Amino acid sequence: MNNTIRVGNLFGIPFYIHPSWFLVLGLVTWTYGSGLGSAFPYLGTASALLLGLMTALMLFGSVVAHELGHSFVAIRQGIDVKSITLFIFGGLASLEKESNTPASAFWVAIAGPLVSLLLFGVFAAIGFGTGASGVFSAILGLLASVNLALCLFNLIPGLPLDGGNILKAIVWKITGNPNKGVVFASRVGQLFGWIAIASGLLPLLLTGSFANFWNLLIGFFLLRNAGNAAQVARVQEQFTGLTAADAVSSDSPIVADNLTIREFADEQIVSGQKWQRFLVTNSDGQLVGAISADNFRSVSPQLWSETQVKDVMRPIAESTTVKADQPLLEVVQLIEQQKLSALTVIRDNNVLVGILEKAAILSLLQKRMLSNPA
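Residues numbered from 1 in each chain as written. Predicted model: local features only at pLDDT ≥ 70, side-chain atom pairs only at ≥ 80, totals over all residues. Heavy atoms only, no water.

## Looking at the nonpolar core
So, point 1. Counting residues in hydrophobic clusters, the biggest one holds 34 residues, and the most contacted among them are L43, F60 and L86.
So, point 2. Residue assignment for this core shows that the elements contributing at least two residues are β2 (13–17), α1 (19–39), α2 (45–76), β3 (81–87), α3 (102–130) and α4 (134–154).
So, point 3. With nine residues, α2 is the largest single contributor of residues to this core.
So, point 4. The residues contacting L43, other than those within four sequence positions of it, are L36, A48, L51 and V135. (Core = buried A, V, L, I, M, F, W, Y, C linked by side-chain atoms within 4.5 Å. Buried < 20%, exposed > 50% of the residue type's maximum accessible area, 1.4 Å probe, protein only. Helix = DSSP H or I, 4+ residues; strand = E, 2+ residues; numbered from the N terminus. Contact = heavy atoms within 4.5 Å.)

## A closer look at the pattern of salt bridges
If charged atoms from side chains of opposite charge come close, those side chains can pair.
So, point 1. Counted by the stated rule, this structure contains three salt bridges.
So, point 2. Between E98 and K168 there is a salt bridge, with the nearest N and O atoms lying 2.9 Å from each other. Of the two residues, E98 sits in the loop between β4 (90–95) and α3 while K168 sits in helix α5 (residues 162–175), which places them 70 residues apart along the sequence.
So, point 3. Residue K168 is classed as buried on the basis of its relative accessible area of 5%.
So, point 4. In this structure, K323 and D348 form a salt bridge, with 3.6 Å as the shortest nitrogen-oxygen distance. A residue pair is termed long-range when its members are at least 10 positions apart, and K323 in strand β8 (residues 321–323) and D348 in the loop between β9 (342–346) and β10 (352–357) qualify at 25 residues.
So, point 5. For K323, a relative accessible area of 34% gives the class partly exposed.
So, point 6. Its relative accessible area of 65% is what places D348 among the exposed residues. (Salt bridge = Lys/Arg side-chain N within 4 Å of Asp/Glu carboxyl O.)

## Notes on the sheet that holds β9
So, point 1. With mixed pairing, three strands are arranged side by side in an open sheet as β8-β9-β10. The strands lining the two open edges of the sheet, one partner per strand, are β8 and β10. Across this sheet, the average inter-strand angle for adjacent strands is 30°, counted without regard to direction.
So, point 2. Across five bridges, the pairing between β9 and β10 is antiparallel. Looking at β10, one finds that V345 is bridged to G354. (Pairing = 2+ DSSP bridges. Axes fitted to C-alpha atoms, helices over the stretch in contact; angles between N-to-C directions.)

## Re unusual backbone geometry
So, point 1. In this model, L159 is joined to P160 through a cis peptide bond whose omega is 10°.
So, point 2. In this fold, P160 is placed in the loop between α4 and α5.
So, point 3. Positioned with a positive phi, K339 is a non-glycine residue whose angle comes to about 55°.
So, point 4. Here K339 shows up in the loop between α10 (328–338) and β9.
So, point 5. The backbone of N350 sits at a positive phi, close to 70°, despite the residue not being glycine.
So, point 6. When you line up the elements, N350 lands in the loop between β9 and β10.

## A few points about the packing of α3 against α5
So, point 1. Viewed as axis vectors pointing N to C, α3 and α5 meet at an angle of 165°, and their least axial separation amounts to 8 Å. As summarised for this structure, α3 and α5 are arranged roughly antiparallel, according to the angle between their axes. When you trace α3 past α5, the crossing you get is left-handed. Where α3 abuts α5, its residues P102, A105, F106, A109, I110 and P113 lie against D162, N165, I166, A169, W172 and K173.
So, point 2. Per-class residue counts for the contact of α3 with α5 are nine nonpolar, one polar and two charged. (Parallel < 35°, antiparallel > 145°, perpendicular 65-115°, else oblique. Left-handed = near helix turned anticlockwise from the far one by under 90°. Nonpolar A, V, L, I, M, F, W, Y, C, P; charged D, E, K, R; others polar.)

## Side note on α3
So, point 1. With 29 residues, α3 extends 42 Å between its outermost C-alpha atoms, agreeing within 8% with the 42 Å of an ideal straight helix rising 1.5 Å per residue.
So, point 2. At A111, α3 shows its strongest bend, of approximately 30°, with the proline P113 following within four residues.
So, point 3. If you follow the buried residues of α3, they end up packed against α2, β4, α4 and α5. (Expected span 1.5 Å × (residues − 1). Bend = angle between axes of the 7 residues up to and from the residue.)

## Considering the packing of aromatic side chains
So, point 1. Considering all chains together, one arrives at seven aromatic pairs under this definition.
So, point 2. Both rings, one in F11 and one in F72, keep their centres 5.3 Å apart while their planes meet at 80°; by these two values the pair is edge-to-face. With F11 in the loop between β1 (5–10) and β2 and F72 in helix α2, this pair connects stretches of sequence that are 61 residues apart.
So, point 3. For the ring pair F87 and F221, a centre distance of 6.0 Å and an interplane angle of 45° mean the geometry is tilted. You can see F87 sitting in strand β3 and its partner F221 sitting in helix α7 (residues 213–237), a full 134 residues away along the chain. (Phe/Tyr/Trp six-rings, centres within 6.5 Å; stacked < 30°, edge-to-face > 60°.)

Written as structure tokens, this is what we have:
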């Protein structure tokens, strides 16, 4: 999420706040503070607003606990949590990747609502168990009811809500295809988005009332994010069955390690090759390094006929190589994470397949989408 402010870490997870959250914090503080001031006039305006702020912060603390529920289950599955962000509609835990199985995805999705349900029980039990009254009772009742509402709202079976992720996991289990689960849950999420928009528009059109204006915002939020999730799933579907080897450039820049620099310069550089960097293989076709013009500039031109490519080549970092049978979608995610433009593709015995460029992946994907539209 853009323009977020990092405010620290939660159990090692980067914690961010979007500027829109401050608007909601102010509105919630004013609403709850005004409510407490009306119900308990003896508080005074300042005290009521201070209690409203404390209540608002505890409510958002409940939202953070909800997201930590998702995060801890994901971490137990070996999935890194990139961040937790508070924004205008609540919170968002950003995970490094999806769960590997529908059952695992289900437990990540249900964990947040279960935490909210637990908090509802805790606040309700404190209220009943202590016989609280007055302001304390009102705050406990509010915290309990909001956590129950947070649990139930998030169980609506449409993306991007938790209920949508639960539905996605169920469809994934039935069909064996996670992308079909995403598309189906996204359509349900869009349906609920339209329902929310309609519930916000009708009072506005019929009576001019903005009473359900919040429903409009939630509806547009659901429509936008559900649509984006469906679009991503349809693109990911096109990667099914593709591996790194499928996107290797047919004219990959490969040279033999026993070439002399003079031969290399004549054959590759002088001939006008577009590549700036070349992959080096031995007599068995195995990847042994890489070379560019910069690597032999320190060698005197008089020695080019005596110096071989393997004498000046540089090693290739393991992080920039992938196996030929690695799923192409995983390769794309690796390229994005490491901000690379290309990767070297090898087989299990280190035999070089070729170079894989980001542009080649896009070209392959476009061709497949044209021949096999989702």
